[in-house]
Amino acid sequence: IFAYPGQPKVSCSLLESAGENGSIPPDLCNKLPSLVTVCECGKSLTSMEKPPTSSPSQFEESRCSVCGEGKKVGNGEAIFAYPGQPKVSCSLLESAGENGSIPPDLCNKLPSLVTVCECGKSLTSMEKPPTSSPSQFEESRCSVCGEGKKVGNGE
C-alpha cells in the first residue's frame, strides 16, 4: 500500500494501472519512481526473457466496470472508502476494473457500493460528439516505477 501525505492510500497495483492508463499527470508520474519503494519495483520482462508460454494475469480476462455493465464513473475525483481497504479515487478504481486488476467476485459487488462515484450510463457511439478528444493524460501513459520497470508488490 502506497501512502503519501494528504492523499488517500492506494495499492501499488492500482497506482500502476493508473499510470498505464494515463490517469496520472506526467509531472507527478515522473516523481513517483523515487517515492514508491514500498511497491518493490523491478525490471519488466523483455520479449527475450519471457517464458515460452505466457499466461494472462490472474484477473486479465475478467475486466469489468465497477459501476456495472454499460455504466461509467461520473465523478472520478470522488474518494471511495470501504472498511479495511485503502481509500481510492473513483477514476483509479474504474481504471483498475477496466484493466482486470479487481477480482471478479469483488467487482460484481462494487456497483451497489460505489454510489459516491456517481455512476451513469456510458455514451454509445450514436451519442458521442462527432470529434472525440483524448483524456487529459491519455497521451502520457507512464510507469510509476520508471521506464522499463514494473511493480513487484501489488499491495
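Worth saying up front: this structure is predicted, and the values here are computed from it rather than measured.

Asker: What should I look at first to understand the overall build of the protein chain in this one?
Answerer: From N to C terminus, the protein chain includes four helices and six strands. N-terminal to C-terminal, the α/β element order of the protein chain is α-α-β-β-β-β-α-α-β-β. Looking at the protein chain as a whole, 31% of its 155 residues are labelled buried. Of the roughly 10200 Å² that the protein chain leaves accessible, carbon and sulfur atoms contribute 51%.

Asker: Please explain the nonpolar core as it appears in this structure.
Answerer: Generally speaking, soluble globular proteins have nonpolar side chains that are buried together. One finds L15, V66, L93 and V144 to be the most contacted residues of the largest nonpolar core, which totals 31 residues. Within the residue set of this core, elements represented by two or more residues are α1 (12-21) and α3 (90-99). Discounting residues that sit within four places of it in the chain, V66 has contacts with V73, L93, E94, G97, I102, C107, L110, P111 and V114.

Asker: What is the right way to look at the packing of α1 against α3 in this model?
Answerer: The axes of two packed helices give the description: the angle between them and the distance between them. Between α1 and α3, whose axes approach to 9 Å, the crossing angle comes to 85°. Classed by the angle they form, the pair α1 and α3 counts as roughly perpendicular. Contacts from L14, S17, A18 and N21 of α1 reach α3 at L92, S95, A96 and N99. For the contact of α1 with α3, the residue count by class is four nonpolar, four polar and no charged.

Asker: Explain the pattern of salt bridges to me, please; I cannot follow it from the model alone.
Answerer: Side chains carrying opposite charge are able to pair once their charged atoms draw close together. In total, this model carries two salt bridges according to the counting rule given. For the salt bridge of K72 with E94, the shortest nitrogen-to-oxygen distance reads 3.7 Å. Here K72 is found in strand β2 (residues 71-72), whereas its partner E94 is found in helix α3, with 22 residues between them in sequence. By relative accessible area, which is 13% here, E94 ends up buried.

Asker: Can you help me understand the side chain of S95 in this one?
Answerer: With respect to the helices, strands and loops of the structure, S95 is situated in helix α3. Of the residues examined, S95 reaches a relative accessible area of 6% and is grouped as buried. Setting aside chain neighbours within four positions, we find S95 in contact with N21 and S23.

Asker: What should I look at first to understand α3 in this one?
Answerer: It helps to recall that an α-helix has 3.6 residues per turn; residues three or four apart then point in one direction. Burial within α3 is extensive, with seven of its ten residues counted as buried. Inspection of α3 places C90, L92, L93, E94, S95, A96 and G97 among the buried residues, and these make up the whole buried set. On the buried face of α3, the contacting elements are α1, β2, β3 (79-80) and β4 (88-89). Looking one or two residues past α3, G100 carries a phi angle of roughly 80°, positive in sign.

Asker: Is there a simple way to explain the state of the cysteines in this structure?
Answerer: Each disulfide consists of one covalent bond between the sulfur atoms belonging to two cysteines. Within this structure, the stated rule accounts for four disulfides. Residue pairing for C64: its cysteine sulfur links by disulfide to C107, the two sulfurs lying 1.6 Å apart. Residues C64 and C107 are joined by a disulfide whose S-S torsion is about 85°; by sign, that bridge is right-handed. Highlighted residues: C64 in the loop between β1 (42-43) and β2 and C107 in helix α4 (residues 104-107), separated in sequence by 43 residues. With relative accessibility at 2%, the residue C107 sits in the buried group.

Calculation criteria
Residues numbered from 1 in each chain as written. Predicted model: local features only at pLDDT ≥ 70, side-chain atom pairs only at ≥ 80, totals over all residues. Heavy atoms only, no water. Helix = DSSP H or I, 4+ residues; strand = E, 2+ residues; numbered from the N terminus. Buried < 20%, exposed > 50% of the residue type's maximum accessible area, 1.4 Å probe, protein only. Areas by Shrake-Rupley, 256 points an atom, 1.4 Å probe, with all protein chains shown as cover. Core = buried A, V, L, I, M, F, W, Y, C linked by side-chain atoms within 4.5 Å. Contact = heavy atoms within 4.5 Å. Axes fitted to C-alpha atoms, helices over the stretch in contact; angles between N-to-C directions. Parallel < 35°, antiparallel > 145°, perpendicular 65-115°, else oblique. Nonpolar A, V, L, I, M, F, W, Y, C, P; charged D, E, K, R; others polar. Salt bridge = Lys/Arg side-chain N within 4 Å of Asp/Glu carboxyl O. Disulfide = S-S within 2.5 Å.

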